[in-house]
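# Reading the structure
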Amino acid sequence: MTEATPGFSLELSSDVREMRDWVHEFAASVIRPAAAEWDEREETPWPILEEAAKIGLYSLDFYAAQFFEESGLGFPVALEELFWGDAGIGLSLVGSTLAAVAVVANGTPEQVGEWCPQMFGSPGEVKLGAFCSSEPDAGSDVGAIKTRAVYDQAKGEWVINGVKTWATNGGIANVHVVVASVDPVLGSRGQASFIVPPGTPGLAMGQKFRKHGIRASHTAEVVLDNVRVPGHCLVGDRERLEARLARVREGKSGGGQAAMKTFEASRPSVAAMAVGVGRAAVEYAAQYARTRVQFGRPIGQNQGVAFQLADMTAAVDAARLLTWRAAWMARKGVTFERAEGSMSKLFAAETAVRVTEQAIQILGGNGYTREYPVERWHRDAKIFTIFEGTSEIQRMIVGRAVTGLDVR
Ligand SMILES: Cc1cc2nc3c(=O)[nH]c(=O)nc-3n(C[C@H](O)[C@H](O)[C@H](O)COP(=O)(O)OP(=O)(O)OC[C@H]3O[C@@H](n4cnc5c(N)ncnc54)[C@H](O)[C@@H]3O)c2cc1C
């Protein structure tokens, strides 16, 4: 560990262990058996969201309790179990939290209280939230966002126009959180986030994407055509925004970009999701290697296979350690001096892709078919190297932290 991690402990509290076992039980008995079906259907698994809501797992209360859990490990532990069950269904169950985190990170307590519950709904009437930052010409380059928010002084409303893409739950969410430019001259420092309340005219779903993996998670374009939201839907408040913009215009620091703050906080969470998928693949491949017999002995008795399993196991454990460290630091307010959040996301994502590919190899022909889950896990794992900052962007951030240079 580093000097910045005194007090870091791997010992989970009894509450976290209990929660882990409870989530694992849901993942094993409800999520995993349904995974192949929803992957084929390529739809949001509403009945599973309902089942999770009934037991309190799909709820703002549950996620908030884990997000604010004292050690910082509650949230990554829950995510690992859910994504061990299935990444597509897992993302449907936690996609709303990205929008919630955007409001929690930059919003007022009133905004958190008003909008976050509406991103989850209640048993019998579950709802979703969507966080919309990416645009066709602004993916990795968040500063290139063209969606514009203009304040209509006479009506006290913000008017938002633009096209968002790749939005998880986009267009089917109850509440959308949209990143827009309020002062294009200032680039990324002139951006703010806006809450678009349920049923607001002008917001519509564009194309729904058919994907390589995580197919049970809905991903779509969101078109904003003269969307009018009340002044209080600016995440944070107007005075704070104006003060920040004034500081930037004077050449002083204006704090982080709205979208980047959300991403920074969520990177260890994405890493935990990748750890869940990687762990699933390692467990499955090890079990297969114990029972599949060729040349008169289990294939796992060959060093070629056992050594691969050893490397896979070590890599997943290493990914978890980086993830827990970053989550702990984020919770304790320890600054990511060495881009520890990005480090965890980079390593866990690359590990998930590699070990799921190795798992296919260990299962041979079976691994390549849809009769076995490892081909799905491999398709699912790839997303972790792309969303919430690609692996290249994570390397850029870590590279900058390590060298102190403006790496491009
Ligand atoms: C399934 C899915 C769900 C998503 N959910 C959301 C969501 O809920 N909300 C949201 O706002 N966005 C979401 N995204 C968008 C996601 O965050 C972007 O896809 C991601 O940031 C990459 O942007 P891009 O696709 O435009 O790729 P690009 O930015 O065009 O990158 C293309 C390639 O170029 C590389 N590259 C770009 N710049 C550099 C550089 N400076 N140095 C080195 N390499 C570079 C990238 O690493 C990548 O390999 C989602 C995407 C997917 C696929």
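Residues numbered from 1 in each chain as written. Predicted model: local features only at pLDDT ≥ 70, side-chain atom pairs only at ≥ 80, totals over all residues. Heavy atoms only, no water.

Counting 116 residues, the largest nonpolar core has Y58, Y63, F83, L93 and F384 as its most contacted members. Ranked by residue count, the leading element in this core is helix α8 (residues 258-291), at 14 residues. (Core = buried A, V, L, I, M, F, W, Y, C linked by side-chain atoms within 4.5 Å. Buried < 20%, exposed > 50% of the residue type's maximum accessible area, 1.4 Å probe, protein only. Helix = DSSP H or I, 4+ residues; strand = E, 2+ residues; numbered from the N terminus.)

For the rest of this paragraph, the subject is the pairing of strand β6 (residues 175-181). Counting buried positions over the seven residues of β6 gives seven, a clear majority of the element. Of the two faces of β6, the one lined by V175, V177, V179 and S181 and the one lined by H176, V178 and A180 are each fully buried. Sheet topology places strand β3 (residues 129-132) next to β6; four bridges connect them, and they run parallel. Looking at β6, one finds that A130 is bridged to H176. One ladder, built from six bridges, connects β6 with strand β7 (residues 191-196); its direction is antiparallel. Its bridge partner lying in β7, V178 is registered against F194. (Pairing = 2+ DSSP bridges.)

Turning next to helix α3 (residues 60-67). Every buried residue of α3 is accounted for by F62, Y63 and Q66. Here the buried residues of α3 occupy an arc of 90° about the axis, which is enough to place them on one side. Structurally, α3 contributes buried residues whose contacts are with α1 (14-41), α4 (74-85) and α5 (87-106). (Arc of directions from axis to C-beta. Contact = heavy atoms within 4.5 Å.)

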